[in-house]
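Summary of structural features
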There are 2 protein chains.
Amino acid sequence: MNFILPIMKLLDGKITRSVLVLLLFALSTRAQIVYQDASNFPLLGKATEKTGAHYERLPDSLKNISRPPLWALSRNSAGMAIRFRSTSTKIAVKWESLSNNHMNHMTDVGVKGLDLYCLEEKGYWRFVNSARPTGKTTEVTIIANMLPKEREFMLYLPLYDGLISLSIGVDSLSSLEQPMIESPIRNKPVAFYGSSILQGGCASRPGMAHTNIISRRLNRECINLGFSGNALLDLEVAKVITEVDASVFVLDFVPNASVEQMKERMEAFYRIIRNKHSNTPIIFIEDPIFTHTLFDQVIAREVQKKNQTLNELFSALKKKGEKNIILIHSKNMLGGDGEATVDGIHFTDLGMMRYADLVCPVIQKLLRSNSK
Amino acid sequence: MNFILPIMKLLDGKITRSVLVLLLFALSTRAQIVYQDASNFPLLGKATEKTGAHYERLPDSLKNISRPPLWALSRNSAGMAIRFRSTSTKIAVKWESLSNNHMNHMTDVGVKGLDLYCLEEKGYWRFVNSARPTGKTTEVTIIANMLPKEREFMLYLPLYDGLISLSIGVDSLSSLEQPMIESPIRNKPVAFYGSSILQGGCASRPGMAHTNIISRRLNRECINLGFSGNALLDLEVAKVITEVDASVFVLDFVPNASVEQMKERMEAFYRIIRNKHSNTPIIFIEDPIFTHTLFDQVIAREVQKKNQTLNELFSALKKKGEKNIILIHSKNMLGGDGEATVDGIHFTDLGMMRYADLVCPVIQKLLRSNSK
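Cut-offs applied
Residues numbered from 1 in each chain as written. Chains lettered and ligands numbered in written order. Predicted model: local features only at pLDDT ≥ 70, side-chain atom pairs only at ≥ 80, totals over all residues. Domains from an automatic or database assignment. Contact = placed C-beta atoms within 7 Å. Helix = DSSP H or I, 4+ residues; strand = E, 2+ residues; numbered from the N terminus. Pairing = 2+ DSSP bridges. Axes fitted to C-alpha atoms, helices over the stretch in contact; angles between N-to-C directions. Core = buried A, V, L, I, M, F, W, Y, C linked by C-beta atoms within 7 Å. Buried ≥ 20, exposed ≤ 12 C-beta atoms within 10 Å, placed from the backbone. Nonpolar A, V, L, I, M, F, W, Y, C, P; charged D, E, K, R; others polar.

For the rest of this paragraph, the subject is the domain arrangement of chain A. All names here are of chain A. Per the domain assignment, the segments making up chain A are domain 1 (4-14 + 28-177) and domain 2 (185-370). Spacing between the C-alpha centres of domain 1 and domain 2 amounts to 26 Å. If you look at the interface, domain 1 gives 37 residues, while domain 2 gives 34 residues. Where the side of domain 1 that touches domain 2 is concerned, the elements lending two or more residues are α3 (68-74), α4 (108-112), β5 (114-119) and β6 (125-131). When residues in the side of domain 1 that touches domain 2 are grouped by element, the largest group, four residues, is from α3.

Written as structure tokens, this is what we have:
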């Protein structure tokens, strides 16, 4: 029932924009919103398909094996996105979150909301608007009053909650179909492992988690295996990571793993990945110089010790002849102004962008030399 | 009872940092937190002292005159900050918020929390950490484990809630005193009038509201008269604005005021200020090009019409011979990437910084030519 588009084409250049807008309203006010289950569309950002539920991140086989907090966090849909195509003048969503989580240093939109991006002609993904949660279940129009034309969309999923159900709504006079363009590219994604920050704490909305920013910048799928407070180098997670046919692996666990845990398990964790992916670049990232380390001497010493440990372990790997390993220093990660966190630790959108500025060029360079 | 500082001075250069840190813990673990009412210290960011309660923004005389939503918002402590000085190794706060507000597109820290900055030797205000609210009343340590030395602090107050009470806590072995340095400078503040965005929506924490960023960059007190959804050119607010002996007035009402309201009241609003401040620069700011205007045709037309109206009214003032009026265009306000808002409208910290990047140099130039 998509008759707006042909009318548009027919009238192209013959009527003014104002008339078009009027026409659009006349039509769209008569249109009903019809919903389709989002699971009908491609879901990006999963390391494995062996999950119990659609929007989970670890395989069901780990349910009784992984530590309970790690398992619970694996049910958050961090870093996932739905791809679809529509000619609708409005896009709506309804969803039920798993736990109706709330945190006092992150917006509900970031925790359990969604946000929508649209692919522009030049291949740039542009933010459309966000879906602000009103409770455990929400039904909301993300954007309305668009000119009816075919667009490619990406809908980012909650960072700090899971999804029991999700539907995408468009007006009944329009199409809602599979994407036509493969963007971001799904072949050879970048797989990230990390802490609360990597899981998206504390982006203002899901699309601003740095793995999502990086995915848009690289035009490549990214897999987010961030587990708040729980990037403790659990070896079963390394095994999950190996399931990703990645172009690059990024290991950003230092904010969580202790010096002892790194000494005990970092090399084992690395070897599990390396044994299955003999030539794939593996990036290690230092602990951010948290902005309050200028004041809190205990945190400052801890960061310094952890980064020293990482550097020592990295050098040891190098000395053993390990190739295609890269260490990213955190000196310039958060900029020089001290403003990029909400609580000294967790990145605001400003911090997320600065992290992407630091890490993206390193990955890009690796991808370019891979493709030579 | 401040004996840490003399010990530090005595030992200066003779003991290692590690020993100092140990000493610090030994002392600080024995220290109790003692609180003083924050109202004992300078409160920055008020347009008038004639308020009914300490942390309110409009004079009590308007209680039964102003529209109820405007009056309610005037009880939010947006843009206010407490200045103090302390040698404490930790800073704590306890406070009771007025309404225990919550919004789904802003963090609780931004809505009803606080954040602390410290003056560095070179005069730069550096973020220390935030006080994350846990309910209507909260008691929390903002920062701990600092080396004991005298520091100047600035504590920003909630953006979207009021305060019934606020106390500052330091360890009992340290000082808590009036500031010694006047920073930001309080003479000739910059007075801002505006909408939800200006009130600080949706900064991640109070210090990231753009009037607070601008105040730090200018090293000058800023007055925040932002009223979410209610910058409707109410003339009694113009009268309050005239009470500020400002260096510059910034009028940023277009996000709220309709075309009709602007045509009806903008010049009257302006005249009230101009009649009392014949030579003070008055800046008008265009509506932001909200990021979803690329998609939502209705919002796009509205922004375009409002900005056209502002430009016409501004030109009319110019033609009438009005001097020292400046119009800031919004074309580059939010950058080109579309990423600076949480919901198309309200600025994240990224948007707040970009707004400051646009507006600060204009104010700075005016301040420089004022001082010639």
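Looking now at the sheet that holds strand β12 (residues 220-226) of chain B. Residues and elements named next belong to chain B. Spatial ordering of the open sheet is given by β12-β11-β13-β14-β15, a layout of five strands whose pairing is parallel. On the outer flanks of this sheet lie β12 and β15 (325-328), each paired with one strand and no other. Put simply, the sheet's adjacent strands are angled 20 degrees from each other on average, direction ignored. Across six bridges, strand β11 (residues 185-194) lies against β12 in parallel orientation.

So, on to the nonpolar core. By size, the foremost hydrophobic cluster in this structure holds 138 residues, and its most contacted members are Ala191, Ile241 and Phe249 of chain A together with Ala191, Ile241 and Phe249 of chain B. Not counting residues within four places of it along the chain, the set of residues in contact with alanine 191 of chain A comprises Ala47, Ile223, Leu225, Ile241, Val244, Ala246 and Phe249 of chain A.

Where interface size is given, it is often the accessible area lost as the parts come together that is meant. Facing 41 residues of chain B, the contacting portion of chain A comprises 41 residues. Counting only elements with at least two residues in the side of chain B that touches chain A, the list comes to α4 (108-112), β6 (125-131), α9 (297-319) and α10 (349-370) of chain B. A per-element tally of the side of chain B that touches chain A places β6 of chain B first, with five residues. Class assignment of the residues belonging to the side of chain B that touches chain A gives a composition of 19 nonpolar, 14 polar and eight charged.

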